[in-house]
Amino acid sequence: MHSVLLVDDDVAVLQFLRMMIVWEDHQLQLAGTCTNAQDALQICRTSMPDLIVTDIGMPGMDGIEFIKAVKAISTRPRFVILSCHDDFRYAQQAVQIGVEDYVLKETLEPQHLIELLAKAKSKMEKEDERQFEVRNLHLQVNRNKSAAKERWLRDLLSTPVLEDPTWIERLEDFGLHPVLPYFIPVVCRLHRFRHALQRYESEDTVKFIVENAVEELMASDKDKVVFSYSAKEFCLLFNIRKDLRINPYDRIAALCKDVQHKLTQVLKLPVSMVLGEMVSDPSGIKRQYVHLLQESERLFYAREPEFVKSSENSYSLALEEDPLAYYYVYADQLNRFVLDGNADPSTVVAPFIQFVTQHRYPPKSVKQFVFKLVLDLMLKLRFNQQYTNEKLQRDLDQLASIGELEEWLTRFVQDAAELMEQIAQQSKKVEIIDAQKYIQRHLGRKITLEEVADHLHLNPSYFSRLFKKETGETFIEYVTRIKMERAKELLNGSDKTLETIAHMLGYESKGYFVKVFKQHYGVVPSRFV
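For clarity, every value in this text was computed on a predicted model and none was experimentally measured. (Residues numbered from 1 in each chain as written. Predicted model: local features only at pLDDT ≥ 70, side-chain atom pairs only at ≥ 80, totals over all residues. Heavy atoms only, no water.)

### Describing helix α9 (residues 248-267)
And then number 1: With 20 residues, α9 extends 28 Å from end C-alpha to end C-alpha; this agrees with the ideal 28 Å at 1.5 Å per step.
And then number 2: Against β6 (182-190), α7 (193-200), α8 (203-217), β8 (233-240), β9 (271-275) and β10 (307-309) lie the buried residues of α9.
And then number 3: Two to three positions downstream of the cap, the backbone nitrogen of Tyr-249 sits 2.8 Å from a side-chain oxygen, assigning the N-cap of α9 to Asn-247.
And then number 4: Within two residues after α9, Lys-268 carries a phi angle of roughly 55°, on the positive side. (Helix = DSSP H or I, 4+ residues; strand = E, 2+ residues; numbered from the N terminus. Expected span 1.5 Å × (residues − 1). Contact = heavy atoms within 4.5 Å. Polar contact = N/O pair within 3.5 Å; in protein donor to acceptor, adjacent residues only side chain to side chain.)

Below is the structure:
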C-alpha cells in the first residue's frame, strides 16, 4: 500500500481531503497531514511517503521550494500541487520540477482528485515493477557471479592443479587482476551460523548477504576477491607483493579485522578468520585453502570470534580418541536429570560441554555424540514433531561453535524435562510415575514388585493391579522392556561383553540375559548389532 502526505496551511482544506476521500478504498495509506512545509519536510526525512499532495502558496517555505527540498533527499515521491493561483508562472515551475498535476482549489472536486490519485498510483506501480525487474536482474547477475566464483574455488580444491594460464583469466572475470607476484588466502567462518539462519531464514540468503557485505566493506581494496565456500564459510584471496616498507600481513590483517568488526556491529554476524601463508601459484593457493579450512574447523571451540594466523592457531583437536567411549556416563546423567525434574538444565549440560572442550574432540564426533544422546532420549519420551530425526541432524550440522552447541543442548534438555513433567501431570496416578522413576534409577540390579510397592507404601496386590490398569503392562513386562531397551543401547554403542551388560542390568547370568533378550527381540544379542 502506497503512503500519502497532505500539506496545506489551510486546515479546512486538509480536513476536506482527509474526510471526503476514503484512502484505504484506493489502496492508499494517509501517512499524515501538515500545515507547513517545514513539518512536512521533517516527516519526509524520517519516513518518505510515496505521494505528496501539497499547497503551493505557504508561508516560510512555499510548495515549489518544499518539493525541491524533498527531491534533494529522495527521487521516489510523486507530487500533486493544489493552488489558489491560476498563474502560468507557477504551473511552469511545477512542470519543470516534475509534478504529476497542478490543480486549482476552486475547481477541486473529490472525484477529480480521486482520478488524479489513481493515475499517480498507476504510475507508481509501474515504476515499482520496473525497479523490481531491475533489482532482480542485478540480483541474478550477482548470484551468477557468486556461483561462478564458488565453482572456481571448489574446482581448485577438488581437481589436480595444472599449469593452466586460464586460471588467471578466470580471476580477472571476478574482478581481480593479478599483476602482483604473490597471494595470501584467508578463510572466514561464521561464529554463530545457526543464529544467522534464524535471522535471515535460508542458507542462500545468508551466503548472499555475507558475500555482498564483505565485497562492499572491502571495495577500496582492488587486489582481492571474495568467494563463498558454503553458507557457513567464505574465503578471501589477496594479490600482494613483498614490500620492505610495509608488511603485507599487517595490512591484510588490519583490513580483515575491520571487516570482522563491522560484520559483528552492523549485521550482527560475528566471524572468525584464519590468515594463510604467502604463495605464488595455483598449487600453493590450493594447499593453503585445504589447510585453512581444516584450521577453521578447530575454531569450533573458540568462545568468541577469533582472528588467527594459521601458524599460530592453538585450537588443536584430539583426532584419535572417540568420545562415544563416555556415552553411558552422560546418557545416565541426562536420563537422571529428566527423571528428577531438575529445574536448571545447565547442571547437566555445562559438565558435558566442559568435558568435550577439555578433550578437543573433532566437531563432527561431538555432534554425533550429541545426536545419539538426544535421539535415545527422544525415543524414550516419544517426542512430538518438534524434534524429528531429520530436523535434529540438520540443527546439529548448523552449529558452528561450542557456544551454539551449549545453547541448543540446553534448550533440548529443558524441553525434555518439561515434556516429562507433562507426562507426569497427565497420569491419573502419581504412584505409577514414581514407580517408573524408581525402576529407571535401579536398572543395575534385580527389581521386584514387592520392593517397589513397599517404596510406595502400597499393598503389592493392589499395586500390581494399579500398574497394569494405568500402563497396559504388567510390572514384570515393563521392567523387562526397559532393561531390554537399555541392553540394546549398550550393544549398539559400546564394546562391553555380554557378561558385563548382563551384570550391569541386574541379571545373575549371561545365559538368562541372552534368553530374555531373545524372547523380547526374536534374536540373540550377538546377532542384534
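### Section: the nonpolar core
And then number 1: In terms of nonpolar packing, the biggest core is built from 49 residues, with Phe-352, Val-370, Leu-405, Trp-408 and Phe-513 touching the most fellow members.
And then number 2: Only α11 (327-340), α12 (346-359), α13 (363-381), α14 (389-398), α15 (402-426), α19 (475-493), α20 (498-504) and α21 (510-521) provide two or more residues apiece to this core.
And then number 3: Dropping the residues within four chain positions of it, Phe-513 is found in contact with Met-484, Ala-487, Leu-498, Ile-501, Ala-502, Leu-505, Tyr-507 and Pro-525.
And then number 4: Ranked by size, the runner-up nonpolar core spans 33 residues in total, among them Ile-184, Phe-193, Tyr-249 and Leu-263. (Core = buried A, V, L, I, M, F, W, Y, C linked by side-chain atoms within 4.5 Å. Buried < 20%, exposed > 50% of the residue type's maximum accessible area, 1.4 Å probe, protein only.)

### Quick notes on the sheet that holds β6
And then number 1: Taken in spatial order, the 5 strands of this open sheet run β7-β8-β6-β9-β10, and their pairing is mixed. Strands at the two margins of the open sheet, each flanked by one partner only, are β7 (224-228) and β10. When the angles between neighbouring strand axes are averaged without regard to direction, this sheet yields 20°.
And then number 2: Sheet topology note: the β6/β9 ladder contains 5 bridges and is antiparallel. If you follow Arg-189 over to β9, its bridge partner there is Ser-272.
And then number 3: Relative to β6, helix α10 (residues 282-298) is tilted by about 25°, and along the sheet it contacts β6, β7, β8 and β9. (Pairing = 2+ DSSP bridges. Axes fitted to C-alpha atoms, helices over the stretch in contact; angles between N-to-C directions.)

### Considerations on the packing of aromatic side chains
And then number 1: Applying the stated criterion across every chain, the model contains 19 aromatic pairs.
And then number 2: Ring geometry for Phe-467 versus Phe-475: centroids 5.8 Å apart, planes at 75°, classification edge-to-face. When sorted by exposure, Phe-467 lands in the same class as Phe-475, which is buried.
And then number 3: Between Tyr-507 and Phe-513, the ring centres sit 5.7 Å apart and the planes meet at 50°, which makes this aromatic pair tilted.
And then number 4: Members of the aromatic cluster, joined through ring pairs, are Tyr-326, Tyr-330, Phe-352, Phe-355, Tyr-361 and Phe-369.
And then number 5: The side chain of Arg-154 reaches across the aromatic face of Tyr-229, ending 4.2 Å from its centre.
And then number 6: Here Lys-483 stacks its cationic end above the ring of Tyr-507, 5.1 Å away from the centre of that ring. (Phe/Tyr/Trp six-rings, centres within 6.5 Å; stacked < 30°, edge-to-face > 60°. Lys NZ or Arg CZ within 6 Å of the ring centre and 35° of its normal.)

### Some words on the pairing of strand β1 (residues 2-7)
And then number 1: Of all 6 residues that make up β1, 6 are buried, and the element is covered over most of its length.
And then number 2: By the alternation rule, side chains of β1 split into His-2, Val-4 and Leu-6 and Ser-3, Leu-5 and Val-7, which are all buried.
And then number 3: Relative to strand β2 (residues 28-34), β1 runs parallel, the two sharing 6 bridges. Paired with Val-7 across the strands is Cys-34, a residue of β2.

### Examining the pattern of salt bridges
And then number 1: In the structure shown here, the tally under the stated rule is 21 salt bridges.
And then number 2: The salt bridge involving Asp-395 is made with Arg-194; its shortest N-O contact spans 3.1 Å. Of this pair, Asp-395 sits in helix α14 while Arg-194 is found in helix α7, placing the two residues 201 residues apart along the sequence.
And then number 3: The buried category is assigned to Asp-395, whose relative accessible area is 3%. (Salt bridge = Lys/Arg side-chain N within 4 Å of Asp/Glu carboxyl O.)

### Let's talk about unusual backbone geometry
And then number 1: At Glu-201, a position not held by glycine, the phi torsion is positive, near 80°.
And then number 2: As for its placement among the helices and strands, Glu-201 is situated in the loop between α7 and α8.
And then number 3: Residue classification places Glu-201 among the exposed positions, given a relative accessible area of 73%.
And then number 4: Positioned with a positive phi, Arg-360 is a non-glycine residue whose angle comes to about 55°.
And then number 5: Of note, Arg-360 is situated in the loop between α12 and α13.

### Notes on the environment of Ile-67
And then number 1: Residue position: Ile-67 is located in helix α3 (residues 63-73).
And then number 2: On the basis of relative accessible area, Ile-67 is assigned to the buried category, the value being 0%.
And then number 3: Sequence-wise, Ile-67 and Ile-56 are 11 residues apart; in three dimensions their C-alpha atoms are separated by 9.5 Å.

### Focus: the sheet that holds strand β5 (residues 101-104)
And then number 1: Taken in spatial order, the 5 strands of this open sheet run β2-β1-β3-β4-β5, and their pairing is parallel. Each end of this open sheet is capped by a strand with a single partner; those strands are β2 and β5. With strand direction ignored, the average angle separating the axes of adjacent strands in the sheet is 20°.
And then number 2: Contacting β1, β2 and β3 (51-55), helix α2 (residues 37-46) crosses the sheet at an angle of about 160° to β1.
And then number 3: Contacting β1, β3 and β4 (78-83), α3 runs over the sheet at an angle of about 155° to β3.

By themselves, these are just geometric observations and shouldn't be taken as functional.
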